[in-house]
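# Inside the fold
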Amino acid sequence: MKERVSQKFAELYGEGAILFTSPGRINLIGEHTDYNGGFVFPGAVDKGIVAAIRLNGTDKVRAFALDLNESAEFGLNEEDKPAQSWACYIFGVCREIQKRGGVIGGFDTVFAGDVPLGAGMSSSAALESTFAFALNDLYNLGIEKFELARIGQSTEHNYCGVKCGIMDQFASVHGKAGHLMRLDCRSMEFNYFPFDPTKHGYRLVLVNSCVKHELVGSPYNDRRASCERVAAVLGQEFLRGATMEQLEAIKDQISEEDYLRARYVIGEEQRVLDVCEALEKDDYETVGERMYETHWGMSRDYEVSCEELDFLATVAKECGVTGSRIMGGGFGGCTINLVKEELYDSFIASVTAKFAEKYGHEPKIYPVVISDGSRRL
Ligand code: GLA
């Protein structure tokens, strides 16, 4: 990817580009908890975006998306928003930096990626983090890492129409090889958690249903709105900290749908804490049980699954997989699976065959390698 990007840059704009990269992410558990002020447990992966960038001394950005073979050119004022949705991510990052007082100018860039698009692995966060990190570096802006993540999140909110939480951008910027990160999305405190399931005879693997998930214009924002309505009835800023008893007590003041959404989130808060505790004792069986509970909570109460993902989790269970669940926002994409070493090959063979038989195409398999966050190459 580095060579392809550098070569194309040289061909289009000449020499002197600097390469930057940011990864996609996995999330062990804690889904749809971030915008509820709860905990998440992500890690960065070895797949991401690579961009070659060189400042061009003008007030225009010239960008080329290598995987799409498309170019865009835009200015840095609010009215210059480009037409291409991929370019809006770059434009949004520039605008959000400017809103924070960062003085930036134009640049030329070519970028490419190997995070599968729409797989729930945060390809868009990888793109935002790459440019936020690079511009901060190239213009010496001195913006703190966590603020770089917020720049990506605000880009989604203000330029891409997704009212996402902070998890994806946070994980992409802060990732560390061999570590998951436990982030408290209320206090924004986090700590690195050494994580190497292979030491304990387990592997993590993603199975991509290849059902494309799209959070833009999706019911993602509706889910968030449900949670906010319930929190308001409870008199809280966030659902975080609410108990099932409190929820039962206001059941007749909220819709059935909002009730189900909140029930999932409150359960998920507890599951993240259970998983952290279990990991401290190397109790992978409990980790796996909670993963299945998350899957069916997301499917039945939060209603962000789809037939193919339910099928993948069901087959995983039949194959004796320790834990399996939808990963990310939902509506398609991957399941994340915690599998005993000795069952790994038979699970992959079996899930591939069964899925292909039912849906006419094989799922894609990605072994998880937990890697570093945003950096200059
Ligand atoms: C998407 C969002 C995140 C988070 C997850 C669900 O990836 O971008 O902020 O809400 O969905 O956990």
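Thresholds applied
By convention here, each chain's residues receive numbers from 1 onward along its written sequence. Whole-chain, interface and lining totals are the exception, using all residues; otherwise, since this is a predicted model, local features are given only for residues with pLDDT of at least 70 and side-chain atom pairs are given and counted only at 80 or more. Note: side-chain values were computed over all heavy atoms of the structure, leaving out hydrogens and water. Proximity is defined per residue: any heavy atom of the residue falling within 4 Å of a molecule or strand makes that residue near it. Polar contacts, as used here, are pairs of N or O atoms within 3.5 Å; protein pairs need one atom able to donate a hydrogen and one able to accept it. Residues neighboring in sequence count only if both atoms are side-chain atoms. The protein chains shown are the only cover counted for residues, whose accessible areas, like all others here, come from Shrake-Rupley with a 1.4 Å probe. Here a cavity denotes grid points, spaced 1 Å and computed from the protein atoms alone, that fit a 1.4 Å probe unable to get out, and a pocket denotes an open set having protein on both sides within 12 Å along at least 5 of 7 lines; residues with an atom within 4 Å of a point are the lining. Cavity and pocket membership follows a simple rule, namely that a molecule belongs there if more than half of its atoms are within 2 Å of the grid points. Ten residue types, Ala, Val, Leu, Ile, Met, Phe, Trp, Tyr, Cys and Pro, are classed as nonpolar, four, Asp, Glu, Lys and Arg, as charged, and the remainder, Gly among them, as polar. In this scheme Phe, Tyr and Trp rings, the latter by its six-membered ring, pair at centre separations within 6.5 Å, and the angle between planes marks the pair as stacked below 30 degrees, edge-to-face above 60, and tilted otherwise. A run of H or I in DSSP becomes a helix once it reaches four residues, and a run of E becomes a strand once it reaches two; helices and strands are each numbered from the N terminus. For every residue, the accessible area obtained with a 1.4 Å probe (protein chains only) is divided by the maximum for its type, and the residue is called buried under 20%, exposed over 50%, and partly exposed between those limits. For a lysine, the NZ atom is tested; for an arginine, the CZ atom; a charge sits over a ring if that atom is within 6 Å of the ring centre and within 35 degrees of the ring normal. Grid points are joined across faces, edges and corners, and a volume is the space filled by probe spheres set on the points.

### Section: the site of the ligand
- Near the ligand, the surroundings consist of 13 residues, among which Glu 31, His 32, Asp 34, Asp 168 and Tyr 220 are the closest.
- A distance of 2.7 Å separates an oxygen atom of the ligand from a polar side-chain atom of Glu 31.
- Between the ligand and Tyr 220 there is a distance of 2.6 Å, counted from an oxygen atom to a side-chain nitrogen or oxygen.
- Against a free-state accessible area of 310 Å², the protein chains account for coverage of 97% of the ligand.
- Under a 2 Å grid-point criterion requiring more than half of the atoms, the pocket assigned to the ligand is the largest pocket.
- Residue composition of the shell around the ligand, by class: 5 nonpolar, 4 polar and 4 charged.

### Details of the packing of aromatic side chains
- A complete count under the given rule lists 17 aromatic pairs for this structure.
- Taking 4.9 Å as the distance between ring centres and 75° as the angle between the ring planes, the aromatic pair formed by Phe 170 and Phe 190 counts as edge-to-face. Here Phe 170 is found in helix 5 (residues 167-174), whereas its partner Phe 190 is found in strand 8 (residues 190-194), with 20 residues between them in sequence.
- Taking 6.3 Å as the distance between ring centres and 55° as the angle between the ring planes, the aromatic pair formed by Phe 311 and Phe 355 counts as tilted. Remark: Phe 355 occurs in helix 11 (residues 344-359) and Phe 311 occurs in helix 10 (residues 307-318); sequence separation between them is 44 residues. Assigned by exposure class, Phe 311 and Phe 355 land together as buried.
- An aromatic cluster of three or more residues is present, and its members are Trp 86, Phe 107, Phe 111 and Phe 131.
- The ring of Tyr 344 carries the charged tip of Arg 203 above its face, separated from the ring centre by 4.0 Å.
- The residue whose ring lies beneath Lys 317 is Tyr 292, and the NZ or CZ to ring-centre distance is 4.5 Å.

### Regarding empty space enclosed by the protein
- Scanning the model with the defined rule gives 1 cavity of 30 Å³ or more in all.
- Together, Val 45, Asp 46, Lys 47, Met 121, Leu 206, Tyr 366, Pro 367, Val 368 and Val 369 line the largest cavity.
- Among the elements of the structure, strand 3 (42-55) and strand 12 (364-367) are those that each provide at least two residues to the lining of the largest cavity.
- Tallying contributions element by element places strand 3 first for the lining of the largest cavity, with 3 residues.
- In the lining of the largest cavity, the residues fall into 7 nonpolar, no polar and 2 charged.

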